[in-house]
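Given next are the chains, with one letter for each unit.
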Amino acid sequence: MADVVIQASGLTRKFTDVTAVNALDLRVERGQIYGFLGPNGCGKSTTIRLLTGLLTPTEGEVEVLGYVLPKQAEALRQKVGYMTQQFSLYQDLSVVENLRFVARIYGITGAEQQQRIEQLLQQYHLENKAERRASALSGGQRQRLALAAAVVHNPQLLFLDEPTAAVDPENRRDFWERLFDLSDAGTTILVSTHYMDEAERCHRIDILEQGHKRAEGAPEQLMQELPCEVFELRGDGLRNVRKQLMQEQAVLSTAQIGQSLRVLVNKQQQQPQQWLEQQLSGEIDVQAVRPSLEDVFVANTGTRHVSRD
Amino acid sequence: MLAAIRTWAIAVKEFRQLSRDRITFAMIVMIPLIQLMLFGYAINTEVRHVPSGVVNLSHSAVARHVIADLQASKTVNFINSYDSVKQAEDALRRGDVHAILYLPSDFLRRFEEYRLGISQRPVAQWITDASDPLLSSAIASLRQVPLAKSGLQSSNGFATPFRVVQFYNPERRNPVNIVPGLVAVILTMTMILFTSAAIVREREQGNMEFLINTPVQPIELMLGKITPYVVIGFIQTAIILSLGALLFAVPLPENIGSLLLMTLLFITASLTLGLLISTRAQTQLQAMQLTVFILLPSILLSGFMFPYDAMPVPAQWIAEALPATHFVRSIRAVVLRDALWWELWPDVVFLAGFTLLGMLVATWRFQKRLD
Ligand SMILES: Nc1ncnc2c1ncn2[C@@H]1O[C@H](COP(=O)(O)OP(=O)(O)OP(=O)(O)O)[C@@H](O)[C@H]1O
Ligand SMILES: [Mg+2]
């Protein structure tokens, strides 16, 4: 049990008009990079706030690093880091000033502070931006600063709420390098995202929708166990084909991607490829392809998701 | 130890941010300067040079003498004369003049009768535009001036049975009373607004969500937040009092210790009020509105504008609940009457108690939660 960092059961949070998190069960082990994947408003931020003790659950139990929340939230503060969705450092302070402020707040002073800040500036490639105001940083630099500030006190557990929402792919990859470094050093990381490529890098993910958990597992495993066959269709008149296929109960989703149409067919359909070809008229090429994480996401969310069939 | 480090961290950060916010920084200096000029020069309850008209049907030397004397009093300024009361009244309605002196054709006879004690009939008439009571009461005070000064001393005499001795502000100059009170108004305004806005801003800009997830404690946050503003409060007080001394010859108190203590007590009380507002207000605009809500009674009821003793009792109760009232009272005592702080102990107790209680409530209301 010592290896379980976050344990939640039946976690529910209702706001006046919505249930933002609905009966969520969660188990995060030490050293994992655990992802929450879901669209806007699915309850990612609310879940993270429940797990940091910033919000009180309407129902359910949470234990983080052995502390029962929200009662023991204060004892947890020194051991966790939190990078909020919105940039939460001071725009009118420089990079070092921000870091120095956070270090002091965590009680790190003197030579130790000096050392730690130099180390962070170097690790997060901010040395030549040290004197620059946070407001004058680029999106990627700002996120690196926010991450540096979240780990000043070497937390065991790190919460990252959509850390790369406004960051280009290059910088995102770089950002994830830093996360893997932290993970290798033993930090447990819980990260929310709505990017597939980001979710694919996690050891384990939850797919959330409207506060419900729709699927859980390692990305690889989720892709393998997808209860759908995925096909790529090429040819003329794909728009009409798409309309036609959406009428079929067995078709979970269709999406135009460039020149091709990606179609998800429920595995319960006997011999899906033959079935699909029968549905089609004209010169259309049907090819079975390997499912992607996006297919997993699509199959598990929306009005036709698999678990409800 | 840790608590001190964290409080210090917040205070340093707040100072930095403040020093980079040019507009706010300018306002800290400009607000006292401009208010001092406004209240010292422009806003004057002493009425002078009221534009007036005269209807002189008497054509006597005495009448001319009376008019000249009135003009010399500087309260009125005769800018026009009219042939009939009707014409003069039209001018009054148009607002050309605010007062009319009417000397009837039998002025000389009335004056003689009055002088000899034969009749009590008025000898002349002031017609005033009473829509501004301040103006008309100034004119009313002119009723007897010319007769006494014209060298035509009346037989029943105008000698007052009381002799008035004026203490503390013998020339009865307005700024002497206004300037110390102005310290109260300006501190109320800036201290409450700055602290409430400073905390609400962190919430609005998303800093708070990060901050409350750190080990910082509410009381550390509050103390750290107000520290820079204590310094600013003293700077503003220094600006007002030193300029008041320079420009309006408002005396500086002999006992600086009492001044510093009362000012410190009032600054902390106002900052506490700002903290209380910040636990309620969700946006900086709301913080501003709540500040005005407190500022208005602080200006109107504290004794700054109108004498406390002239207010109806319920208004006095409200006034007693405002820190500004206690400060207006005590800073006037300290600056104008050289009172010492222990002589003002009821105000000291109120302000200190207000701060302590306010701090407790604000700390208790400030939750490290988002719900
Ligand atoms: N303080 C609040 N009061 C009322 N409703 C709220 C509050 N916070 C969140 N919600 C609602 O709860 C739901 C989940 O919100 P949440 O912010 O957790 O979503 P999210 O997954 O983080 O979305 P995004 O990707 O846009 O950040 C939304 O419908 C939102 O409107
Ligand atoms: Mg969110």
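Quick caveat: nothing in here was measured; it's all calculated off a predicted structure. (Residues numbered from 1 in each chain as written. Chains lettered and ligands numbered in written order. Predicted model: local features only at pLDDT ≥ 70, side-chain atom pairs only at ≥ 80, totals over all residues. Heavy atoms only, no water.)

Some remarks on the UniProt feature "domain: ABC transporter" (unreviewed entry) in chain A
Threshold: UniProt positions are given in the numbering used here, feature names are shortened, and annotations may be inferred rather than shown by experiment. Secondary structure follows DSSP: runs of H or I at least 4 residues long count as helices, runs of E at least 2 residues long count as strands, and numbering of each begins at the N terminus.
UniProt's feature table lists "domain: ABC transporter" (unreviewed entry) at residues 6-235 of chain A, given in the numbering used throughout. Helix and strand shares over residues 6-235 of chain A are 33% and 30% respectively, and the end C-alpha atoms of the span are 49 Å apart.

Side note on the UniProt feature "transmembrane region" (unreviewed entry) in chain B
All names here are of chain B. The UniProt entry lists residues 23-43, 178-200, 229-250, 256-278, 290-308 and 348-366 under the feature "transmembrane region" (unreviewed entry), expressed in the numbering used here. Regarding residues 256-278, the helix share stands at 100% and the strand share at 0%, and the terminal C-alpha atoms are separated by 33 Å. The span residues 348-366 is 95% helix and 0% strand, and its two end C-alpha atoms sit 27 Å from each other.

Considering the packing of helix 11 (residues 256-280) of chain B against helix 14 (residues 323-337) of chain B
Residue and element names in this part refer to chain B. Spelled out, the test is: Angles shown run from 0 to 180 degrees and are taken between the N-to-C directions of axes, each axis being a line fitted to C-alpha atoms and, for helices, limited to the stretch in contact. Here the angle decides the label: under 35 degrees means roughly parallel, over 145 means roughly antiparallel, 65 to 115 means roughly perpendicular, and every other value means oblique. Contacts were defined at the residue level, with two residues in contact if any of their heavy atoms lie within 4.5 Å.
At a minimum axis distance of 10 Å, the contact between helix 11 and helix 14 shows a crossing angle of 170°. Judged on the interaxial angle alone, helix 14 and helix 11 are roughly antiparallel. Within the contact between the two elements, helix 11 uses Ser258, Leu259, Met262, Thr263, Phe266 and Ala269 and helix 14 uses Pro323, Ala324, Phe327, Ser330, Ile331, Val334 and Val335.

Points about the sheet that holds strand 13 (residues 260-266) of chain A
All names here are of chain A. Threshold: DSSP calls a pair of strands paired once it identifies at least 2 bridges connecting them.
In spatial order, the strands read 12-13-11-14; together these four strands make up an open sheet with antiparallel pairing. Looking at the sheet topology across the chains shown, the edges are occupied by strand 12 (251-257) and strand 14 (284-289). Sheet twist, expressed as the mean angle between neighbouring strand axes with direction ignored, is 25°. Two strands pair when backbone bridges link them, and strand 11 (residues 228-235) and strand 14 are joined in this way by six bridges, in the antiparallel orientation. Paired with glycine 235 across the two strands is isoleucine 284, which belongs to strand 14. Relative to strand 12, helix 9 (residues 238-246) is tilted by about 165°, and along the sheet it contacts strand 11, strand 12, strand 13 and strand 14.

Comments concerning the domain arrangement of chain B
Heads up, the rule is: Note that the domain bounds reflect an automated or database-derived domain assignment.
You can read the domains of chain B as domain 1 (50-167) and domain 2 (173-370). Taking only C-alpha atoms, the centre of domain 1 of chain B and the centre of domain 2 of chain B are 47 Å apart.

Overview of the site of ligand 1
All names here are of chain A. Put simply, the rule reads: Residues are classed as near a molecule or strand on a simple rule: at least one heavy atom within 4 Å of it. Residues adjacent in sequence count toward polar contacts only when both atoms are side-chain atoms; beyond that, a polar contact is any pair of N or O atoms within 3.5 Å, and within protein one must be able to donate a hydrogen and the other to accept it. What sets the accessible areas is the Shrake-Rupley method with a 1.4 Å probe; for residues, cover comes only from the shown protein chains. Under the grouping applied here, Gly and all other residues not named as nonpolar or charged are polar, the nonpolar ones being Ala, Val, Leu, Ile, Met, Phe, Trp, Tyr, Cys and Pro and the charged ones Asp, Glu, Lys and Arg.
Around ligand 1, the surrounding shell holds 13 residues, and the nearest of these are Gly41, Ser45, Thr46, Gln85 and Glu162. Measuring from an oxygen atom of ligand 1, one finds a backbone N or O atom of lysine 44 at 2.8 Å. Glutamate 162 is positioned such that a nitrogen or oxygen atom in its side chain is 2.7 Å from an oxygen atom of ligand 1. For ligand 1, whose unbound accessible area comes to 640 Å², protein coverage reaches 64%. Per-element accounting of the shell around ligand 1 gives the leading share, three residues, to helix 1 (residues 44-52). The residue makeup of the shell around ligand 1, split by class, is five nonpolar, six polar and two charged.

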